[in-house]
Every structure is written in C-alpha cells, then in structure tokens.
Number of protein chains: 2
Amino acid sequence: MRQKSNSAEVPLPPWEVRRKTEVPQRAPLTAERIVDAALAVVDTEGSGAVTMRRIAGDLGVVASSLYAHVRNREELLLLVLERVMKEVGVPEVTGQWDADLKAHYTKMQRVLSAHGDIALYNFAAFPPTAIGVAITERLLSVLLNVGVPPKIAAWALHRLTLYTTADVYEGWRLANKDLADWIDPVRDYFASLPADRFPSIVGNVDVMLDTDSDGRFELGLDMLISGLATFVTD
Amino acid sequence: MRQKSNSAEVPLPPWEVRRKTEVPQRAPLTAERIVDAALAVVDTEGSGAVTMRRIAGDLGVVASSLYAHVRNREELLLLVLERVMKEVGVPEVTGQWDADLKAHYTKMQRVLSAHGDIALYNFAAFPPTAIGVAITERLLSVLLNVGVPPKIAAWALHRLTLYTTADVYEGWRLANKDLADWIDPVRDYFASLPADRFPSIVGNVDVMLDTDSDGRFELGLDMLISGLATFVTD
DNA sequence: TTCTATCGTAGAACAGTGTTCGTTTACAGG
DNA sequence: CCTGTAAACGAACACTGTTCTACGATAGAA
C-alpha cells in the first residue's frame, strides 16, 4: 500500500540498498494526514483515544514526529473539529428564517454526532475558524433580515450552537455508557419511590426514561427557535 | 491544624511515644474528607488538577489509600458534583411556573459557576442522584400542574438542565483561556473582513464580542422557557 | 493480658500519557 | 561527491490512574 511502484514486490539486491532503514518512499507526513488519522480514531473510539503515540503509530511514524506539523494534542483535536465543521458546511437559506435555523442546527447535530465526542472541543471554540465565520455570517444575515436586533441575533446563534454542541456531547457520553445495564434498575427505583412524595416521577416513569434522543433534541431546538420568534418583526 | 489538642505543641517525651510512626491522632480518612479536598481543588484549579496523588497529598496520605473510600477518580468527581448539586438545592415553588423555572436554573448556573468546571460531569449524569431526583420531582410537578404534557415536561427539564450545564462549562473554558490576548486580534480580523461578503459581521463586530455572559445565559434561558409556554394550558 | 482477625494505609510497580531534546538520517542543490 | 537543511527518530522527563502485596494498628475473644 505504501510502496511506490510494483517493482517493490521483488527483493532489492543488496547493492541497491542505500541505507540501512526501510525504503522511505512512503507518503510524506503532513498536518492533513495527521488530521485524517486522528479523525478516524475520534469517529470510532472518541477523542480520549487520540494519543500522540497512537496517531503516530497509525501513520507508521513516531510520536515526536507529529510535533513538526501540529503544535500539540489540543491543536490537533481543534483541527479535527474544523474538518468536521467543514463537513457541516455553510447553510443554504430559503427565506424562512425559522426553517433555515432548524435545518442548519439539525444538520450540525447529525454531522457532529457521526464524529464521536469531537463536540467537546466546540465548547468555547475561540478564536473562531474560517468555516465558523462563514456560517455565522450566513445565519446572522437571516436573523437581521427579519428584524431581530443585532445583539439578540448574535447571542441567539451562540445559544443555538451551544445547545447543539451540548446535546451531541451528552449523546455520545450516554451512548458510551453501559446504559442498558442501568435503565432497568433506574426504572425500578423510580417506580419504588413513595408515590405520595414523588407523584410526578412515579406517575411518569416511562416518559422520563424515553430514549428518543432525536425527539429530545428537536424539542429543545423548537423551544429555542420559537422563543426567538418574539424578536422577529418582519 | 491537624493536631488534636494544643498539647501537641510541646514535644512528646520518648516514653509517651507508643509506636514508631507519627501520632495517628489525625482525622480519619473518609469519603467526605476526600470530597472536601477534591472540591477545593476543583474550585480553584478545575477538575483537571484533581489527581489522586494531589488529593491524597493534600490530606497527608498516599494515593492508593483513597481507593478504600472511593472507587476511582471518576466516582470522586461525581461525588463532588453531587455535593455541588446539594448546594443548588431543591427549589421553592411559588406557582408562577415560568418564574420558578427561571429562578432555579439561574441559581444552578450561579452555583455551578462557583465550582470550576465540575459542570463537565453533569453531562449525561446517569443514573440520577438523590438530589437530582428531588429537584426533578419538584419542577416536574410545576409543569404538570399548568397542563404541560408529561413527555414534554420531562424532556423540557432535561433540555434546560443541559443548556445550563453547557453554559457553565463553556464559561469556565472561556474564563481559563488567555481570552484578553485574543479578543483584540479577533476584533481586528472581523473588522478587516470584506464588507460586501460579510456585511452582517462587519456591521456588528462589537455585539459579537460582547462579554456579558450573564446576559447571554439569560437570553437562552428566556428563549427556552418562552418556547415552553406554547404547551401551557392552565 | 495475650492472641488473633480485620481493615485501612503504605509503597512499589505497571502501563500508560504529552512533550522536549539532541542526534541521526535522507534528500536536494551545488 | 560534498554539504546544507529539514524532518524523523529515540531516549528521557515528569507525570497519570490503578492494582497488588505487605505492614501495622486497632478491636474483640479467650
């Protein structure tokens, strides 16, 4: 796979071997290839599994070599996040401000959810990235166009991003928990509570343990967006 | 401080020294004292500074001793979170459902913010704690009393908790960032963007970089609560 | 009082972690 | 063929959470 030509199939004659190490024909190490490798690990095992030695090993290289292309682990994860946000992309707008917002944040939720717990690095993502700026410009113009005051508009977008990020991160943590082992004991515990002191819980055990995570996300998104409607004048 | 009486000031006569080790009169190690020590570290340096050796050292003990009282580091941090949530407390209700919700989540935001980044451990906090159950029962009854459907009510509380948790965690990360070093460069960058392609940002640089974090939290909270009003029938 | 069982603490050890450093290597240009 | 440069290497440092064994003190029984 890493060999350059098919001539590598036949063993090299000794006089052709210039140095003692293996043929260095492998693809050059770049920040992009490092991000590729890190993203693959994040997707399957989460950001906690992204160690410098692990990523380096996946690239057939040693950990310290990564530091020539990436400042440190933190920056590497931020580069992975940026890659994912590019996959989210800049939203198309239709003129329906609420539908546009809902579509974008729903897509963001779906895309982020497909990449492990990388959402964790979207908390307090500052300074902003190029893709973040482009997205913000697009959505900000939508809200300003329908008469939302600038400060409210800017803050509201931040709130929606924060909410979406949190939902994805929590979803990942729940998914990577032995949740199945806990849900029945918790159901029993809820049901066993004294009904006179905990009537609301005892009477609604099933809805409390409902696992429809998409429905939960949508409810919060709808709450935020319809709360924003107060400020829309046009 | 750790001595039992003031007689410890004068050196013990040799015949009073029963065993070769130091006087074992120190307070016994308990889970509560371990949580005390961990909470103090979380408050001042964040959960990342909570290492088993560090906490043990603060208690005049060795790391492995902690494991007799606490299962592992994760559980210790969850105990710290539980302590903090007890400080938040079960809300008093007045009958004004929206004011009650706002008061509780505002208090939760204030209390959590006073304890470093412990909010991080409130993501996917499951199974629920005793204090969490008590809070949920109280707020759930408030929403059910004004006619919110059970599923909406239960989910909405979860959404509000998630939002509040996320706000606090992001706030901590922002506070522990060399934000002052970045805010001016970002302002310049925003202002330098081509005004024809980024009119919304260029025209609102100041509100985008507004640092009124309380106002931001309140806006999102109001959006969520007023979005919930749709479901209130009584 | 003496023996013994129990339990919490100590200390070493293991397998990791991010990051830095000086050295070696490989390739390109002269 | 030689040399300069840039990058990869590999060892090292100071940590991390956790486990295991052994020690020691305390409490109860004889």
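All values derive from a computational prediction rather than experimental measurement. (Residues numbered from 1 in each chain as written. Chains lettered and ligands numbered in written order. Predicted model: local features only at pLDDT ≥ 70, side-chain atom pairs only at ≥ 80, totals over all residues. Heavy atoms only, no water.)

1. Examining unusual backbone geometry
All names here are of chain A. In the segment running from F126 into P127, the intervening peptide bond is cis, with an omega of 0°. Its place among the elements puts P127 in the loop between α4 (97-113) and α5 (130-145). With a phi angle near 55°, A124 is a residue other than glycine that sits in the positive phi range. (Helix = DSSP H or I, 4+ residues; strand = E, 2+ residues; numbered from the N terminus.)

2. Observations concerning the environment of B:E170
Considering the arrangement of structural elements, one finds B:E170 in helix α7 (residues 150-175). Under the relative-accessibility criterion, B:E170 is labelled buried at 7%. Between the C-alpha atoms of B:E170 and B:D117, which are 53 residues apart in sequence, the distance is 8.7 Å. If we ignore the near neighbours within four places in the chain, the residues touching B:E170 are A:N122, A:F123, A:A124, A:H158 and A:L162. (Buried < 20%, exposed > 50% of the residue type's maximum accessible area, 1.4 Å probe, protein only. Contact = heavy atoms within 4.5 Å.)

3. A short note on the pattern of salt bridges
According to the stated counting rule, one finds 22 salt bridges over all chains in the structure shown. Where B:D167 meets A:R159, a salt bridge forms, and the shortest distance between an N and an O atom there is 2.2 Å. One end of the pair, B:D167, is in helix α7; the other, A:R159, is in helix α6 (residues 150-175), on a second chain. A:R159 gets classed as buried once you look at its relative accessible area, which sits at 1%. Several salt bridges share partner residues, and in doing so they unite A:E45, A:R54 and A:D58 into one network. (Salt bridge = Lys/Arg side-chain N within 4 Å of Asp/Glu carboxyl O.)

4. What about the interface of chain A and chain B?
Between chain A and chain B, the residue contacts involve 62 residues of the former and 62 residues of the latter. Taking both sides of the interface into account, the surface hidden between chain A and chain B amounts to around 5,500 Å²; carbon and sulfur atoms contribute 70%. In this structure, the connection of chain A to chain B is made through 22 residue pairs in polar contact (both at pLDDT 80 or more). Elements represented by at least two residues in the side of chain A that touches chain B include exactly α5, α6, α7 (179-192), α8 (199-202), α9 (205-208) and α10 (213-228) of chain A. At 16 residues, α6(A) tops the list of elements feeding residues into the side of chain A that touches chain B. Of the residues that constitute the side of chain A that touches chain B, the class distribution is 39 nonpolar, 11 polar and 12 charged. (Buried area = accessible area lost by both parts, 1.4 Å probe. Polar contact = N/O pair within 3.5 Å; in protein donor to acceptor, adjacent residues only side chain to side chain. Nonpolar A, V, L, I, M, F, W, Y, C, P; charged D, E, K, R; others polar.)

5. Details of the relation of the copies chain A and chain B
The two copies are related by a screw motion: chain A maps onto chain B through a turn of 180° and a shift of 0.0 Å along the axis, at an RMSD of 0.0 Å. Each copy turns onto its partner about a two-fold axis. In this assembly, 100% of the residues forming the interface of chain A have copies in chain B that are likewise at the interface, indicating an isologous arrangement. (Least-squares fit on C-alpha atoms with pLDDT ≥ 70 in both.)

6. Examining helix α11 (residues 213-228) of chain B
The end-to-end C-alpha distance of α11(B) is 23 Å, a good match for the 22 Å that 16 residues give at a rise of 1.5 Å each. Considered for burial, the residues of α11(B) that qualify are B:G215, B:R216, B:F217, B:L219, B:G220, B:L221, B:M223, B:L224, B:I225, B:G227 and B:L228. Packed against the buried residues of α11(B) are α6 and α10 of chain A together with α5 (97-113), α6 (130-145), α7 and α10 (205-208) of chain B. (Expected span 1.5 Å × (residues − 1).)

7. A closer look at the confidence of the model for chain A
Here chain A averages 90 in pLDDT, while 89% of its residues score no lower than 70. Scored below 50 in pLDDT, residues 1-25 of chain A shows 10 contacts in the model against residues more than four places distant or in partner chains. (pLDDT = per-residue confidence, 0-100.)

8. Some remarks on the packing of aromatic side chains
Under the counting rule described, the total for this entry stands at 9 aromatic pairs over all chains. Here A:F123 and A:Y169 contribute two aromatic rings whose centre-to-centre distance is 6.3 Å and whose plane-to-plane angle is 90°, an arrangement assigned as edge-to-face. Of this pair, A:F123 sits in the loop between α4 and α5 while A:Y169 sits in helix α6; the two residues are 46 residues apart in sequence, bridging distant segments of the chain. On the accessibility criterion, A:F123 (0% relative accessible area) is buried. Judged by relative accessible area, A:Y169 falls into the buried class, the value being 6%. Pairing B:Y163 with B:F217 gives two aromatic rings, centres 5.5 Å apart and planes at 5°, and the pair type is stacked. You can see B:Y163 sitting in helix α7 and its partner B:F217 sitting in helix α11, a full 54 residues away along the chain. When sorted by exposure, B:Y163 lands in the same class as B:F217, which is buried. The rings of A:F123, A:Y169, B:F123 and B:Y169 are connected pair by pair, giving a single aromatic cluster. (Phe/Tyr/Trp six-rings, centres within 6.5 Å; stacked < 30°, edge-to-face > 60°.)

9. Observations regarding the packing of helix α3 (residues 73-88) of chain A against α5(A)
The description of two helices packed together rests on the angle between their axes and the distance between the axes. All names here are of chain A. At a minimum axis separation of 9 Å, α3 and α5 run at an interaxial angle of 35°. Seen from above, α3 lies across α5 with left-handed handedness. Facing E82, M85 and K86 of α3, the residues of α5 in contact are A130, I131 and I135. Split by residue class, the contact of α3 with α5 holds 4 nonpolar, no polar and 2 charged. (Axes fitted to C-alpha atoms, helices over the stretch in contact; angles between N-to-C directions. Left-handed = near helix turned anticlockwise from the far one by under 90°.)

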